[in-house]
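Structural overview for review
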Amino acid sequence: MLFKISISGIKARWKDYLVLFSGMIITTAIFYMFEAISTNDKFTTSSAVGQNAKIVFIFGSILLAIITLVYVFYANNFLMSMREHDYGLFMMLGAKSGVISKLIILETIAIGLISTVVGIVIGIGFTQVLSHFLASLIHMSLTNFSAFYMPAIIATIILFAILFLVAGFLNARTFTKTSALQLLRSGQQSDWQQPKALTLGLQAILGVVLLAGGYYAMYDIQKLKVMSIPIALITIVLGTYFVFNSFFVMLLQAFQRSNMSTKGLNSFTLAQLKFRIRDYTKILSVVSLLFALALGAITVGTGFQHMVPKLASGNGYYSVAITNPNQEMRSLVGQIQDKSTVTYQQKVDPTTKRVYYRSDQLQRQPLKYAAFVSRKTLASKAFTAKVSQFKRSDSSAYQELWGLQVPTVKAYQIKVVSSQTFNQINAKTNQLLLVRANDMDAAATPLTKITNIQSKQYGYRNGEQVGGSFTMYQSLKSVFGSLEFMGIFLGIAFLAMLASCLMFKILSGAASDKIRFDMLNKIGTRRSVLNHSIVVQILGLFALPGILGIVDVAFGLQMFAKSGLLMGGAYQTFGLTTVGFLVLYLIYFAVTVLIYSRIVVPKTKVER
């Protein structure tokens, strides 16, 4: 009978349970997505850089496990807050505490098991779709990567099973020590306690000091080396919590004492925030850390994506060089949209071991070569070669032309002669077609096909000896491609998790907030005023972690700037990725406002 009553209570609150299940499923899916990469040693160590990044993923897994722990217990508290009144009523009707304890444990484990299984299935699907999308976006092949990865499934099941099992027993223990009257009145109790000024001040100072220590650890990575990561991890997590636990309360008190609190519904909005102050400081700390991780991962990933073509272009002006191109080659060149081409006649004399070029062609269509003008920003400049430069084998122009020839003649000397002399040489006339793709990312598909054909033609693998800067592009992609993928992939995953955490936390209190908004409606408060109060309240909760998260990333990028891992500047893509990230973040904010408003703002008589 008690179980039937419990089921009927769940059915009556199915919308609230839907919010809970959605949050837990997304959390499980995101954790699986991370584990599918971090536990796959073959994928993360497929390059030298990936091997060095393995330590980052170990600490990342620890941090994500901590964040997941916080979120699961928050979701568990939400579950219990929905059932406290029901359990209190059961106790008033004479139900034994032992029976209720068993019911609580079974209900907690059942919800955890269902959400974990569904979350893993959805996580596999998300991983499959997102991985292929990103692979095509950054033009890399995913070797040794699989969306369905059994060690990741096992790790996810073990973590969530332990978390929900512990949560179930803690819930049962809490209820057996709580009176029925307290349970019945739990939804009317506020988290607010008047804080002491000294306590707030000490927490604020400690939070700032811990954050500063974490920022310094990331800045001085050359000295601290691997230890900078755990130091930053511990200090920034603790510092973020103390900052929010103190400054958030200080802000509320400052606004309450100011004249702004008397305008409109500001006093009501402040009271709404103070009502759940403890839960908000915890969730804001988690969201701020996730915001920094997500933005930092996407910034680093796009940084590598921008670095590869810049490095390749600075090492050679022309993307590919084709000797005697056939119809297939010319067709592939025609598929490159933004390009420039030049063709030179060439004769090879095996007897004298020389390769001859016509001076009139090099004067009419001068060869170009690239060189870096700033290693810090990876800025390169194109220079125009003079015919006189080809007389010296150590000149940049000579080296550029030498590298564009087929491998079989690279041992020969380059000679630039007049057209008359060129015509007198008794050798076959070859055509050397040089192609520059101004956007190697966009032209990656036809360029790859061209280099593959040349590799088979000359007996080399992976195009490693084919002339042109695209071979450098391919080599760099093999080194940094996994980091590009992991950075953008995990950034999107963390974005979904942080926004979901905050959104579901705000929505979880909507049912109890509806009563207060209904009272305001009855005393004549306009709907526009109610909606404005909701926007201000939710905007504050979204803005505070976002601001601290951006500051965290601004200092955190020093790890890549000082270590030299992100050549060309770790901050070059910071502004662009921050703007793009904030746009996605604001979409979650708008969705949260819309859903929350529909729940709490009473319908007018016309709408009823």
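Residues numbered from 1 in each chain as written. Predicted model: local features only at pLDDT ≥ 70, side-chain atom pairs only at ≥ 80, totals over all residues. Heavy atoms only, no water.

Details of the sheet that holds strand 3 (residues 354-358)
For clarity, the cut-off: At least two DSSP bridges between two strands are required for those strands to pair. Numbering of helices and strands runs from the N terminus; a helix is a DSSP stretch of H or I covering at least four residues, while a strand is a stretch of E covering at least two. Inter-axis angles, ranging from 0 to 180 degrees, are taken between N-to-C directions of lines fitted to C-alpha atoms, where helices are fitted over the stretch in contact. Between two residues, a contact is recorded if the distance between any of their heavy atoms is within 4.5 Å.
Pairing within the open sheet is mixed, and its five strands lie in the order 1-7-2-3-6. If you trace the sheet from one side to the other, it starts and ends with strand 1 (320-323) and strand 6 (413-417), each paired once. This sheet shows a mean twist of 30 degrees between the axes of neighbouring strands, independent of strand direction. Taken together, the nine bridges between strand 2 (residues 339-349) and strand 7 (residues 429-437) define a ladder with antiparallel strand orientation. Each residue of the ladder has a partner; that of glutamine 345, found in strand 7, is glutamine 431. With respect to the sheet, helix 15 (residues 396-403) is in contact with strand 3, strand 6 and strand 7, its orientation differing from that of strand 6 by roughly 110 degrees. This element, helix 17 (residues 444-458), spans strand 1 and strand 7 of the sheet and lies at about 45 degrees to strand 1.

Observations concerning the pattern of salt bridges
In plain terms, the rule: By salt bridge we mean one thing: a side-chain nitrogen of Lys or Arg within 4 Å of a carboxyl oxygen of Asp or Glu. Under the scheme applied here, a residue whose accessible area is under 20% of the maximum for its type counts as buried, over 50% as exposed, and between as partly exposed, the area being computed with a 1.4 Å probe on protein chains only.
The full count for this structure, using the stated rule, is three salt bridges. Across the pair aspartate 360 and arginine 358 runs a salt bridge whose closest N-O atoms are separated by 2.7 Å. Note on arginine 358: relative accessible area 17%, which makes it buried. Among the ionic pairs, aspartate 394 bridges to arginine 392, the shortest N-O distance being 3.4 Å. We classify aspartate 394 as exposed; its relative accessible area is 57%.

Focus: the packing of helix 20 (residues 527-556) against helix 22 (residues 574-600)
To keep it simple, the criterion reads: Between 65 and 115 degrees an angle is taken as roughly perpendicular, under 35 as roughly parallel, over 145 as roughly antiparallel, and anywhere else as oblique. Rotating anticlockwise by less than a right angle from the far helix to the near helix defines a left-handed crossing, while the corresponding clockwise rotation defines a right-handed one. Each residue gets one label: Ala, Val, Leu, Ile, Met, Phe, Trp, Tyr, Cys and Pro are nonpolar, Asp, Glu, Lys and Arg are charged, and the others, such as Gly, are polar.
Axis separation between helix 20 and helix 22 bottoms out at 10 Å; the angle between their running directions is 155 degrees. Classed by the angle they form, the pair helix 20 and helix 22 counts as roughly antiparallel. Crossing geometry of helix 20 relative to helix 22 is assigned as right-handed. Side by side, helix 20 and helix 22 meet where Asn531, Ile534, Val535, Gln537, Ile538, Leu539, Phe542, Pro545, Gly546, Ile550, Val553 and Ala554 of the first sit next to Phe574, Thr578, Leu582, Tyr585, Tyr588, Phe589, Thr592, Val593, Tyr596, Ser597 and Val600 of the second. When grouped by side-chain class, the residues that make up the contact of helix 20 with helix 22 number 17 nonpolar, six polar and no charged.

With respect to the packing of aromatic side chains
Any two aromatic rings considered together are summarised by their centre-to-centre distance and by the angle between their planes. We count it as follows: Stacked, tilted and edge-to-face are the three classes applied to pairs of Phe, Tyr and Trp rings, where Trp contributes its six-membered ring and a pair requires centres within 6.5 Å; stacked means planes under 30 degrees apart, edge-to-face means over 60, and tilted covers the rest. The rule is short: NZ of Lys or CZ of Arg within 6 Å of the ring centre and within 35 degrees of the ring normal puts a charge over the ring.
Under the defined criterion, the tally for this structure stands at eleven aromatic pairs. On the basis of an interplanar angle of 70 degrees and a centroid distance of 5.6 Å, the ring pair of phenylalanine 542 and phenylalanine 589 is categorised as edge-to-face. Of the two residues, phenylalanine 542 sits in helix 20 while phenylalanine 589 sits in helix 22, which places them 47 residues apart along the sequence. A single burial state applies to phenylalanine 542 and to phenylalanine 589, both of which are buried. Among the aromatic residues, those joined into a ring-pair cluster are Phe291, Phe542, Phe581, Tyr585 and Phe589. Above the face of the phenylalanine 422 ring, lysine 347 is positioned so that its terminal group lies 4.9 Å from the ring centre. Just above the ring of tyrosine 317 sits the side chain of arginine 436; from NZ or CZ to the centre is 4.2 Å.

Examining the confidence of the model for the protein chain
Basically, it comes down to this: Note: pLDDT gives the predictor's confidence per residue, expressed from 0 to 100.
Taken as a whole, the protein chain shows an average pLDDT of 79; of its residues, 79% reach a score of 70 or greater. Per-element averaging of pLDDT across the protein chain places helix 7 (residues 180-184) at the bottom with 49 and strand 3 at the top with 94.

Quick word on the pairing of strand 7
Most of strand 7 is tucked away: seven of the nine residues are buried. Inspection of the sheet shows strand 1 paired to strand 7 by four bridges, in the antiparallel sense. Each residue of the ladder has a partner; that of valine 320, found in strand 7, is valine 435.

Side note on helix 17
Rules: To estimate how far a helix should reach, multiply one less than its number of residues by 1.5 Å.
The first and last C-alpha atoms of helix 17 sit 21 Å apart over 15 residues, in line with the 21 Å expected at 1.5 Å per residue. Buried within helix 17 are the following residues: Ala444, Pro446, Leu447, Ile450, Thr451, Gln454 and Ser455.

A look at the nonpolar core
Applicable threshold: For this analysis, a nonpolar core means a set of buried residues of the types Ala, Val, Leu, Ile, Met, Phe, Trp, Tyr and Cys, connected via side-chain atoms within 4.5 Å.
Ranked by internal contacts, the top residues of the largest apolar core, which has 108 residues, are Leu498 and Tyr596. Considering each element in turn, this core owes the most residues, 23 residues, to helix 18 (residues 470-508). Not counting chain neighbours up to four residues away, the residues in contact with leucine 498 comprise Val287, Leu290, Phe291, Ala294, Phe581 and Tyr585. Core analysis: the second largest hydrophobic core is formed by 24 residues, Tyr344, Val355, Leu367 and Ala385 among them.

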